[in-house]
Amino acid sequence: KTEFFDLSNRRVDVKPSYKGLDLDPQLADFANKIWKEKRPDSKKSWVANFDSLEFAKGEAIAEAGITRYSDLWGLLQAIDQGKDFVRDRTVTTMSISLYGITKDGMIPLQRRSPEVGYAQGQVMFIAGGWMTAKNIVGSDRCEDMDMINHPLLYEPDFHAREKLKRESGLGDEDFKMG
């Protein structure tokens with residue numbers, strides 16, 4: 001069942017819960033195996049994972065846990081391959097999507113490369129992606145355990161700005177969020 005919540009008149013905050021994504025043993029084994037086969041040199045960056053949404057006076061508070069990108073990628077591969085052990089699983093990692101609008105009112109789009117892991121050839125907006133430690137410290141330290149506690153990992157506006165700057169070549173002075 002899909003639920004929709006109108007957040008337009010509420011302040012939205014993300015609060016870390018630090019809970020890990022729960023993988024049953026079969027999915028964990030599959031994720032580890034396919035990661036070693038397909039992405040042996042890739043980093044297992046930490047990614048914020050949606051846990052719950054609470055409503056309080058004039059605001060919405062999302063609780064965010066944590067997962068490794070390798071577990072997320074394994075889950076996506078299992079879903080894509082139609083594995084029985086993920087039939088009822090959903091992807092709850094937190095990501096951002098930006099809808100860029102130029103000064104003359106145009107919305108720039110891009111088509112995903114045929115070489116990407118999924119959604120090949122799909123038309124996408126300028127920037128989007130997971131809320132991941134890699135956005136904060138790059139590949140060098142994105143696997144470090146201390147990144148779980150980094151406050152920017154749970155800050156959607158930070159990830160939106162970083163993705164937009166990286167994918168468009170713009171600097172902070174070139175755009176405004178809003």
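Our subject is the structure listed above.
Small disclaimer: the values here were computed from a predicted structure and weren't measured.

Conventions used here
- Residues numbered from 1 in each chain as written.
- Predicted model: local features only at pLDDT ≥ 70, side-chain atom pairs only at ≥ 80, totals over all residues.
- Heavy atoms only, no water.
- Helix = DSSP H or I, 4+ residues; strand = E, 2+ residues; numbered from the N terminus.
- Buried < 20%, exposed > 50% of the residue type's maximum accessible area, 1.4 Å probe, protein only.
- Contact = heavy atoms within 4.5 Å.
- Areas by Shrake-Rupley, 256 points an atom, 1.4 Å probe, with all protein chains shown as cover.
- Phe/Tyr/Trp six-rings, centres within 6.5 Å; stacked < 30°, edge-to-face > 60°.
- Lys NZ or Arg CZ within 6 Å of the ring centre and 35° of its normal.
- Pairing = 2+ DSSP bridges.
- Axes fitted to C-alpha atoms, helices over the stretch in contact; angles between N-to-C directions.
- Patch = residues over 30% accessible without salt bridge, like charges linked within 9 Å, V, L, I, M, F, W, Y side chains within 5 Å.
- Salt bridge = Lys/Arg side-chain N within 4 Å of Asp/Glu carboxyl O.

Student: So what's going on with the overall build of the protein? Which residues, and what values?
Tutor: Within the protein one finds four helices and seven strands. Each helix and strand of the protein, ordered N terminal to C terminal, gives the series β-α-β-β-α-β-β-β-β-α-α. Relative to its full complement of 178 residues, the protein shows a buried share of 33%. Long-range pairs, those at least 24 residues apart, make up 63% of the contacts in the protein between residues at least 6 apart in sequence. Here the protein displays about 11500 Å² of accessible surface, and carbon together with sulfur accounts for 49% of that area.

Student: Give a description of the packing of aromatic side chains that names residues and reports values.
Tutor: The tally for this structure, following the rule as stated, stands at four aromatic pairs. With a centroid separation of 5.9 Å and an interplanar angle of 80°, the aromatic rings of Trp 35 and Tyr 69 are classed as edge-to-face. Within this pair, whereas Trp 35 is found in helix H1 (residues 25-38), its partner Tyr 69 is found in helix H2 (residues 69-80), the two being separated by 34 residues in sequence. With centroids separated by 5.8 Å and ring planes inclined at 80°, the aromatic side chains of Trp 35 and Trp 73 adopt a geometry described as edge-to-face. In this pair, Trp 35 is assigned in helix H1 and Trp 73 in helix H2, connecting sequence segments 38 residues apart. Taken individually, Trp 35 and Trp 73 each receive the classification buried, so the pair is uniform in this respect. Ring pairs connect the aromatic residues Trp 35, Tyr 69 and Trp 73, which therefore count as one cluster. Directly above the ring of Trp 73 sits Arg 39, whose terminal nitrogen or CZ lies 5.1 Å from the centroid.

Student: Any chance you could break down the sheet that holds strand S3 (residues 59-68) for me, citing the residues and the numbers?
Tutor: Sheet architecture is open: three strands sit in the order S1-S3-S2, paired in mixed fashion. If you trace the sheet from one side to the other, it starts and ends with strand S1 (11-20) and strand S2 (46-56), each paired once. Here the average twist between neighbouring strands, direction ignored, is 25°. Sheet topology places S1 next to S3; seven bridges connect them, and they run parallel. Bridged to Arg 11 within S3 is Glu 59.

Student: Which residues make up the side chain of Glu 63, and what are the values?
Tutor: Within the secondary structure, Glu 63 is located in strand S3. Judged by its relative accessible area of 15%, Glu 63 falls in the buried class. Those residues in contact with Glu 63 that sit more than four places away from it in its chain are Lys 15, Ser 17, Lys 19, Asn 49, Phe 50, Asp 51, Ser 52 and Glu 54.

Student: Describe a nonpolar patch on the surface, with residues and values.
Tutor: A cluster of nonpolar residues, Ile 101, Ile 107 and Leu 109, forms a patch on the protein surface that exposes about 320 Å² of accessible area. Inspection of the secondary structure puts Ile 101 in the loop between strand S4 (95-98) and strand S5 (109-111). We classify Ile 101 as exposed; its relative accessible area is 61%.

Student: Now, about the environment of Val 14: what can you tell me, with residues and values included?
Tutor: With respect to the element layout, Val 14 can be found in strand S1. Residue classification places Val 14 among the buried residues on the basis of a relative accessible area of 19%. When the C-alpha positions of Val 14 and Ala 60 are compared, they lie 8.5 Å apart, and in sequence the two are 46 residues distant. If sequence neighbours within four positions are ignored, Val 14 has contacts with Ala 62, Ala 64, Met 94, Tyr 154 and Pro 156.

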